[in-house]
Amino acid sequence: MKLKHITFGLLACLLTSCDFMNCDESSDYQQEDIFTSYNRTKKMVTHVYSFLPHGLCNIDGAMHETATDDAVHVYGTSNIQRFVDGTWSANRTVDEVWSKYYEGIRAANLYLTESEGQTFEEWKYSDQYDKWMQNFENYQYEVRFLRAFFYFELAKRYRNVPLVTKVLTVAEANLVEQSSFDDIADYIVNECSEISKKLPVDYSGFADKEEGRITRGAALALKARVLLYKASPLYSAHDETKWKNAAIAAYEIIGQASALKYKLGDYAALFSATNSAEAENILVRPLGETGSFEEANFPMGVKGGKTSTCPTENLVGAYEMQDGSSFDWNNEEMRKNPYANRDPRLTLTIAYNGMSWPESPLEIWEGGANALPINNATLTGYYLKKYVNKDISFESGAPVTKTHHCWVLFRYGEVLLNYAEAMVNAFGDPTYKEGDLLPMSALEAVNLVRTRTSVNMPKFPSTLSPDEFLKRLKNERRVELAFEGHRFWDVRRWKELGTTKDIYGVSVKKQGATVTYTKQQVATRVVTDNMYFYPISNEEIFRNENLKQNTGW
């Protein structure tokens, strides 16, 4: 089949970016042969998968969270600092993904156009034909999901973006106009609704049994997340119907969790080297074997450690006491030992003074082995633990210097929190249920998350007012989903970016055997209203005069 609107050089580029499914990366074949070979067709799908994002130091060596009040990036020269120091602009963009995701969308459009009707007739008598065709029939739904996902990644950053579902020439691409966020959201929701009926629950019934492919649950999870965003204050005045639709979408997963094979699991295991096998994780992005994230986030003073991500006291203070009460720096007993009797997720997420991490007890007191004035030691008094694998060592002769890493894109715990937020906003009552359609209350959903294995926090009381419940739910979301790529977007969709301006850490000092802890402000960030959305790069604006810049940029 002849391919339309694409040069051989670009095609060769498309077919050499395989990092999802196992495939050979050769590109020495003819243009007309692409869809007459199953393996080359599979490689096209692999290429589309390669655009899935991850959040492990993916923005100039920094995590997205370091542009929030949950963390600070220790290196001042990283582009991530533009998010928070006022130097972000349409000429000096950060996390510039416009062209990346449109490249992924183009690859998806190309695949969907050119693969339609293919039957691989010349391979019909191969022993592998039935297996190939089972995969091939499913690929179209996987690729449609990926295209929808890429559109969400664009829309949450830039709001109104061009919606293109066919292969365009360069001239056509430079004339496209933007669709509204609502239209993009509706498109994604409709796509997910359709493909969820076709996608498998898992791939156990496929001959290859490959992990990490798009499932029915992934499509439903994207749909639920998009509807939650669409109902949120940044995108809509309060509309109970929109919130109810978001709740219904989340319950599509909750109500059939058993059939979809999802359940809440051990919190620590969700971010381990084997997290792709966890029943709670709906979709993960494999990154292969690497030790680079550990190198970037092991504390200074640990062999090979370079710091990078420093969690803030803003985040640490959000973790409750084990009895469900708030931590209070004005409480002398709490202040003396601020990490005792806290929510277990704190010690699973953040490394603090005295904790054995990754092997020896950390000395984060001033002058200690892991603290200032050592160059590039933590600026906040904390180091990152979540996603960091302590089994890796950079000591000479160490047996483990790299392990598998998978970034969690969707998990069941988030779905329950999405449901709780949608329900309380839709009905104004944390205990409200609605027959068979929404038979779980917001309170019940969040309490499932809090009482999970290895967390076992007290349930929220049923006496909370809607406002009190929503405040605590937002805090629950913050600690449950810390460093999973949500906080940057949550404070925006809630229109609460202004609350993230002041950044705090903890000063740790040791005199003799006595260690004292003092909360202190470490930074004040620039926050303006235009920062709710990214600027469209001026390069894109100059290329296409039909694009309209976001307000304030």
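Everything numeric here is computed off the predicted structure, so don't read it as measured data. (Residues numbered from 1 in each chain as written. Predicted model: local features only at pLDDT ≥ 70, side-chain atom pairs only at ≥ 80, totals over all residues. Heavy atoms only, no water.)

**Notes on the packing of helix H16 (residues 442-450) against helix H17 (residues 466-480)**
- For the pair H16 and H17, interaxial distance at closest approach is 11 Å and the crossing angle is 30°. Judged by the inter-axis angle, H16 sits roughly parallel to H17. The handedness of the crossing between H16 and H17 comes out as left-handed. Seen from H16, the contacting residues are Ala 442, Leu 443, Val 446, Val 449 and Arg 450; seen from H17, they are Phe 469, Arg 472, Leu 473, Glu 476 and Glu 480.
- The residue makeup of the contact of H16 with H17, split by class, is 6 nonpolar, no polar and 4 charged. (Axes fitted to C-alpha atoms, helices over the stretch in contact; angles between N-to-C directions. Helix = DSSP H or I, 4+ residues; strand = E, 2+ residues; numbered from the N terminus. Parallel < 35°, antiparallel > 145°, perpendicular 65-115°, else oblique. Left-handed = near helix turned anticlockwise from the far one by under 90°. Contact = heavy atoms within 4.5 Å. Nonpolar A, V, L, I, M, F, W, Y, C, P; charged D, E, K, R; others polar.)

**Some points on the pattern of salt bridges**
- Within this structure, the stated rule accounts for 42 salt bridges.
- Across the pair Glu 295 and Lys 306 runs a salt bridge, and its minimum N-O distance is 3.2 Å. Highlighted residues: Glu 295 in helix H11 (residues 292-297) and Lys 306 in the loop between H11 and strand E5 (309-311), separated in sequence by 11 residues.
- Classification of Lys 306 by relative accessible area gives partly exposed; the value is 41%.
- Between Glu 320 and Arg 450 there is a salt bridge, with its nearest N and O atoms 2.8 Å apart. Here the residue Glu 320 occupies a position in the loop between helix H12 (313-316) and helix H13 (332-336), and Arg 450 occupies one in helix H16, the gap between them amounting to 130 residues. (Salt bridge = Lys/Arg side-chain N within 4 Å of Asp/Glu carboxyl O. Buried < 20%, exposed > 50% of the residue type's maximum accessible area, 1.4 Å probe, protein only.)

**Considering the confidence of the model for the protein chain**
- Considering every residue of the protein chain, the mean pLDDT works out to 93; 94% of them sit at 70 or more.
- When the criterion is pLDDT under 50, residues 1-31 qualifies, and its contacts beyond four places in sequence or with other chains add up to 76 contacts. (pLDDT = per-residue confidence, 0-100.)

**A word on the packing of aromatic side chains**
- Counted under the stated rule, the structure contains 38 aromatic pairs.
- Linked through ring pairs, Phe 83, Trp 88, Trp 98, Tyr 102, Tyr 151, Tyr 158, Tyr 187, Phe 488, Trp 489, Tyr 534 and Trp 553 together constitute an aromatic cluster.
- The ring of Tyr 229 has Arg 493 sitting right over it, with the charged end atom 5.3 Å from the ring centre.
- Stacked on the ring of Tyr 504, the Lys or Arg Lys 519 has its end atom at 4.7 Å from the ring centre. (Phe/Tyr/Trp six-rings, centres within 6.5 Å; stacked < 30°, edge-to-face > 60°. Lys NZ or Arg CZ within 6 Å of the ring centre and 35° of its normal.)

**Topic: the side chain of Ser 37**
- Examined against the element boundaries, Ser 37 turns out to sit in the loop between helix H1 (8-14) and helix H2 (38-49).
- What Ser 37 contacts, discounting residues up to four positions off in sequence, is Phe 120 and Trp 123.

**Details of the environment of Thr 463**
- Note on placement: Thr 463 falls in the loop between H16 and H17.
- You can call Thr 463 exposed: its relative accessible area is 70%.

**With respect to H17**
- In a regular helix each residue adds 1.5 Å, so 15 residues correspond to 21 Å; H17 covers 20 Å between its end C-alpha atoms and thus fits that length.
- When H17 is considered as a whole, its buried residues turn out to be Phe 469, Leu 470, Leu 473, Lys 474, Glu 476, Arg 477, Arg 478, Val 479 and Glu 480. (Expected span 1.5 Å × (residues − 1).)

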